[in-house]
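Architecture at a glance
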Number of protein chains: 2
Amino acid sequence: MDNDKEITIWDIAKKLNISIATVSRALKDDPVVQKKTKKKILETALEMGYRSNNFARNLRSKNSNTIGIIVPRLNSYFMSSVISGVEKIANAEGYNLIISQSSESVEHEKQNALTMFNNRVDGLLVSLSYETESIEHFEPFFKKNIPLIFFDRITENKNAISIVIDNLKAGFEITEHLINQGCKRIMHVTASLKRNVYQERLQGYKKALEYHHLPFHENFVKIINLSFESGEQVAQDILKMKKLPDAIFFSNDNCAVGCMSVLKKGGINIPETIAVAGFNNDPLCRVVEPNLTSMHYSGMDMGILSARNLINHIKGESTLSVTNSIVLRSELIIRESSLRLPNS
Amino acid sequence: MDNDKEITIWDIAKKLNISIATVSRALKDDPVVQKKTKKKILETALEMGYRSNNFARNLRSKNSNTIGIIVPRLNSYFMSSVISGVEKIANAEGYNLIISQSSESVEHEKQNALTMFNNRVDGLLVSLSYETESIEHFEPFFKKNIPLIFFDRITENKNAISIVIDNLKAGFEITEHLINQGCKRIMHVTASLKRNVYQERLQGYKKALEYHHLPFHENFVKIINLSFESGEQVAQDILKMKKLPDAIFFSNDNCAVGCMSVLKKGGINIPETIAVAGFNNDPLCRVVEPNLTSMHYSGMDMGILSARNLINHIKGESTLSVTNSIVLRSELIIRESSLRLPNS
DNA sequence: TTGTATGCGTTATCAG
DNA sequence: CTGATAACGCATACAA
């Protein structure tokens, strides 16, 4: 079965009585080779079932035609969308894609980065884990000038481009919206402040409170892992409070939904007693009752943009050595979970 | 910056005044080389910042240490779980993972398969698209004896292992459950019958009807793409029917949820007027109201099992040349959406 | 426009 | 136990 040897440019050269150089050139559509011979070569290549050997090619050309992406988790609608976007562009540009997840652990992230490096990806896309503080595990990429783009969960770095939304503004908008609905005791439930996205949303939250002359209470900010289950836990805690908050701004939808379900079971009316807002505009928002107010931004767009930029960099076609960060649009989607005033 | 040349076994051999052969052996922990020299080699390798060149290695050894996975879509909880499982095993075993999605299109699937083939994956995991009929685009893998495993959405093939659940039984169970709840006019909403999973669930549905002496109506089976939106559309259609069904069995949760939302807006009581059941036990089931009855099976387990089997095959360690298919456990999770009788 | 010759970094097969 | 050397398949500098 397996004795049909892999056929190489040698075989097709021999068959056609020409040199491997010509074959090699024809195969990569080098305009220098005659049309007639090129055609013949392509035909026999097909006919003999030739397939190029990427290893040999890469060994020679020293690039892998592969880009890598490291994400915290795959299992969110947002991340799936990002991946879809990246995949679309990568495919169109003839790049392979290697995906790995850090599962929110630095150790995994380090391991993943190393693997990517050893596999000699031509470029790397990264969204950081909760835990990550230092990014020295990406140092090898900087040293070798391998393009690296951080998206969504980024870190400030002069060597890498960042692709983000304006989280501060987003946090501000959500909080202000809740304030406009008459809420005065607004909790904020978010994740590790090591990550820009959570840090900045918190800043936005604070800014909005300040702007509207509302007091900031340290204990109104909860740092959790934003899972559905942790949302349920938050609800349990809230139900025990002597004086309830009148609104909660979550940094992700999944967690908000977990919380809502327990609150509802606990007899809390949403939004009348407690208004709720999430983040990411997961499809879940339209399923939970009441429908969840959330901040929308397109994972697909972020993926497309990240990939396109990365590839431009790889090809050296980019003028973006000056660019340092790209900010995507985000949009507040108001739904029933936060609507206390009918006409707003 | 980039002028720190990649260092090779030559460099470290030169530095230590030994041959590259010894270095190569030491690096792969060949017991034949002396402990002392091995230690020295490992040390200087580390110190000089050596990293092995996979291209050269693969070129020589003719295997890529990479496994591929082609899935219809990434954006479901189930698929994310599968990928997580696969990734876990692949990582542990030192394999790289290349992921691509067919987006339910044969053309994409063909393209993906070709890419995987050209990248010389050591093995391939596939869950087929809606459209796929022939699997001749996987022929190259069979010809070359590259291990190929179909999971979940499979096709009968003597060359490949299949990893599935018993969809017929599952379909039967769900339908019977609905019947036991007193439902007599049960619709079934599913996707392309080219796919085993949908074909067999339909068979299970029919069997259950037959077993319980209920008539089967052709027009009670809807073939759609199972998206949220198509679920909404189904609901529209149902609301227009002169005589409503009293239950609907969906082949996926997302679609069921889309349908439920429209039905509820249309004033239908669930489960009193129409009972609903889904499939996959997506986290969504616990969010929608009423909570959705569904068939649970573990994507994570399926991923782990698939990857483990594939790798066993790659390594030739498997006794599974006799095995042809592996069936995973599935379990009916009954929730309010289908519960008409309190005590059941 | 085409051919020759060489190197890319490893591993494996021989001899020592 | 170690060393020399031949592949692996391709791309390219240089020559023709």
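All values derive from a computational prediction rather than experimental measurement. (Residues numbered from 1 in each chain as written. Chains lettered and ligands numbered in written order. Predicted model: local features only at pLDDT ≥ 70, side-chain atom pairs only at ≥ 80, totals over all residues.)

**Here's the deal with the overall build of chain A**
Selection rule: Strands here mean DSSP runs of E at least two residues long; helices mean DSSP runs of H or I at least four residues long; both are numbered from the N terminus. Computation of the radius of gyration draws on C-alpha atoms, with the globule rule given as 2.2 Å multiplied by the number of residues to the power 0.38. Around each residue's C-beta, the other C-beta atoms within 10 Å are counted; 20 or more make the residue buried, 12 or fewer make it exposed, and counts in between make it partly exposed. All C-beta atoms are placed from the backbone. Note that contacts rest on C-beta atoms placed from the backbone: two residues are in contact if these are within 7 Å.
The number of helices and strands found in chain A is 12 helices and 12 strands. Against the compact-globule benchmark of 20 Å for 344 residues, chain A has a radius of gyration of 26 Å, which places it well outside the compact range. When burial is assessed residue by residue, chain A has 45% of its 344 residues classed as buried. Long-range contacts, defined here as pairs at least 24 residues apart, represent 75% of the contacts in chain A between residues at least 6 apart.

**Re the relation of the copies chain B and chain A**
Note the following rule: What sets the superposition is a least-squares fit of C-alpha atoms, and only residues with pLDDT of at least 70 in both copies go into it.
Placing chain B over chain A gives an RMSD of 0.1 Å and needs a rotation angle of 180 degrees, together with 0.0 Å of translation along the axis. In the structure described here, the two chain copies are related by an operation that fits a two-fold rotation axis. In this assembly the copies share their binding face: 100% of the residues contributing to the interface of chain B also contribute to that of chain A.

**Comments concerning the protein's contact with DNA strand C**
Here is the rule we go by: Residue proximity rests on one test: whether the C-beta atom, placed from the backbone, lies within 6 Å of the molecule or strand. Following the grouping adopted for this structure description, the nonpolar residues are Ala, Val, Leu, Ile, Met, Phe, Trp, Tyr, Cys and Pro, the charged ones are Asp, Glu, Lys and Arg, and the polar ones are all others, Gly among them.
Around DNA strand C, a shell composed of 26 residues is seen, among which A:Ser19, A:Ala21, B:Thr8, B:Asn53 and B:Ala56 lie nearest. Of all the elements in the fold, those that place two or more residues in the surface near DNA strand C are helix 2 (20-27) and helix 4 (54-61) of chain A together with helix 2 (20-27) and helix 4 (54-61) of chain B. The element contributing the most residues to the surface near DNA strand C is helix 4 of chain B, with 5 residues. Taken together, the residues of the surface near DNA strand C sort by class into 12 nonpolar, 9 polar and 5 charged.

**Comments concerning the protein's contact with DNA strand D**
Within the structure, DNA strand D sits among 27 residues, and A:Thr8, A:Asn53, A:Ala56, B:Ser19 and B:Ala21 are positioned closest to it. For the surface near DNA strand D, the secondary structure elements donating two or more residues are helix 2 and helix 4 of chain A together with helix 2 and helix 4 of chain B. Partitioned by chemical class, the residues of the surface near DNA strand D number 12 nonpolar, 9 polar and 6 charged.

**A few points about the interface of chain B and chain A**
How large an interface is tends to be reported as the accessible area lost when its parts come together. Taken together, the contact between chain B and chain A spans 36 residues of the former and 37 residues of the latter. Mapped onto the side of chain B that touches chain A, the elements with two or more residues apiece are helix 4, helix 5 (77-92), strand 2 (96-101), helix 6 (106-118) and helix 11 (253-265) of chain B. Counted by class, the side of chain B that touches chain A contains 16 nonpolar, 14 polar and 6 charged residues.

**Comments concerning the domain arrangement of chain A**
Just so we agree on the cut-off: How far each domain reaches was decided by an automatic or database domain assignment.
Examined at the domain level, chain A breaks down into domain 1 (9-52), domain 2 (65-165 + 299-329) and domain 3 (167-297 + 332-338). For domain 1 of chain A versus domain 3 of chain A, the distance between C-alpha centres works out to 63 Å.

**Quick word on the pairing of strand 6 (residues 186-190) of chain A**
Regular strands show a simple pattern: their side chains alternate between the two faces of the sheet. Residues and elements named next belong to chain A. Short version of the rule: Two strands qualify as a pair provided that DSSP identifies no fewer than 2 bridges between them.
Counting buried residues in strand 6 gives 5 out of 5 residues, a clear majority hidden from the surface. Of the two faces of strand 6, both are covered, the one formed by Ile186, His188 and Thr190 as well as the one formed by Met187 and Val189. In the sheet, strand 6 pairs with strand 8 (residues 247-250) via 4 bridges, with the strands oriented parallel. Within strand 8, the residue paired with Ile186 across the bridge is Ala247. Of the pairings in the sheet, the one linking strand 6 to strand 7 (residues 221-223) comprises 3 bridges and is parallel in character. Looking at strand 7, one finds that His188 is bridged to Val221.

**Side note on the packing of helix 5 (residues 77-92) of chain A against helix 12 (residues 299-314) of chain A**
Residue and element names in this part refer to chain A. Note the cut-off: For helices, the fitted axis covers only the stretch in contact; all axes are lines through C-alpha atoms, and the angles between them, taken along N-to-C directions, range from 0 to 180 degrees. What makes a crossing left-handed is the near helix being turned counterclockwise from the far one by less than a right angle; a clockwise turn instead makes it right-handed.
At their nearest, the axes of helix 5 and helix 12 sit 7 Å apart, and the two run at 40 degrees to each other. Handedness of the crossing formed by helix 5 with helix 12: right-handed. Contacts between helix 5 and helix 12 involve Phe78, Met79, Ser81, Val82, Ile83, Ser84, Gly85, Val86, Lys88, Ile89 and Ala90 on the former and, on the latter, Gly299, Met300, Asp301, Met302, Gly303, Ile304, Ser306, Ala307, Arg308 and Ile311. Grouping the constituent residues of the contact of helix 5 with helix 12 by class yields 12 nonpolar, 6 polar and 3 charged.

**Topic: the environment of A:Leu125**
Mapped onto the fold, A:Leu125 is located in strand 3 (residues 123-126). Ignoring anything within four residues of it in the chain, the contact list for A:Leu125 reads A:Ile67, A:Ile69, A:Val86, A:Ile149, A:Phe151, A:Ser306 and A:Leu310.

**A word on helix 9 (residues 196-211) of chain B**
Residues and elements named next belong to chain B. The cut-off we apply is this: An expected span of 1.5 Å times one less than the residue number is assigned to each helix.
For helix 9, spanning 16 residues, the distance from its first C-alpha to its last is 22 Å, which sits close to the expected 22 Å at 1.5 Å a residue. Taken together, the buried positions of helix 9 are Val197, Tyr198, Glu200, Arg201, Leu202, Gly204, Tyr205, Ala208 and Leu209. Here the buried face of helix 9 lies against helix 8 (167-180), strand 6 (186-190), strand 7 (221-223) and strand 8 (247-250). Remark: His213 follows helix 9 within two positions and exhibits a positive phi of approximately 60 degrees.

**Observations regarding the packing of helix 1 (residues 9-16) of chain A against helix 3 (residues 35-48) of chain A**
All names here are of chain A. Let me state the cut-off plainly: Angle categories: roughly parallel below 35 degrees, roughly antiparallel above 145, roughly perpendicular from 65 to 115, and oblique for all the rest.
Between helix 1 and helix 3, the least distance of the axes is 10 Å, while the angle of their chain directions is 120 degrees. Taken together, the axes of helix 1 and helix 3 are oblique relative to one another. When the axes of helix 1 and helix 3 are compared, the crossing they make is right-handed. Residues Asp11, Ile12, Lys15 and Leu16 of helix 1 form the contact with helix 3, whose own contacting residues are Lys40, Ile41, Thr44, Ala45 and Met48. Residues belonging to the contact of helix 1 with helix 3 are distributed by class as follows: 5 nonpolar, 1 polar and 3 charged.

**Considering the environment of B:Asn225**
Following the sequence through the fold, B:Asn225 ends up in the loop between strand 7 and helix 10 (228-239). For B:Asn225 and B:Pro72, which are 153 residues apart along the polypeptide, the C-alpha to C-alpha distance reads 12 Å.

**Details of the sheet that holds strand 9 (residues 275-277) of chain B**
All names here are of chain B. Read from one edge of the open sheet, 4 strands run 7-6-8-9, paired in parallel fashion. Pairing within the sheet leaves two strands with one partner each, and these edge strands are strand 7 and strand 9. Taken pair by pair, the neighbouring strands of this sheet meet at an average axis angle of 15 degrees, ignoring direction. Sheet strands in contact with helix 8 are strand 6, strand 8 and strand 9, and its direction is about 165 degrees off that of strand 8.

**Quick look at the sheet that holds strand 9 (residues 275-277) of chain A**
All names here are of chain A. Ordered by their spatial adjacency, 4 strands build an open sheet running 7-6-8-9, and the pairing between neighbours is parallel. Each end of this open sheet is capped by a strand with a single partner; those strands are strand 7 and strand 9. Sheet twist, expressed as the average angle between the axes of neighbouring strands with direction ignored, equals 15 degrees. Here helix 11 (residues 253-265) sits on the sheet in contact with strand 6, strand 8 and strand 9, set at roughly 150 degrees to strand 8.

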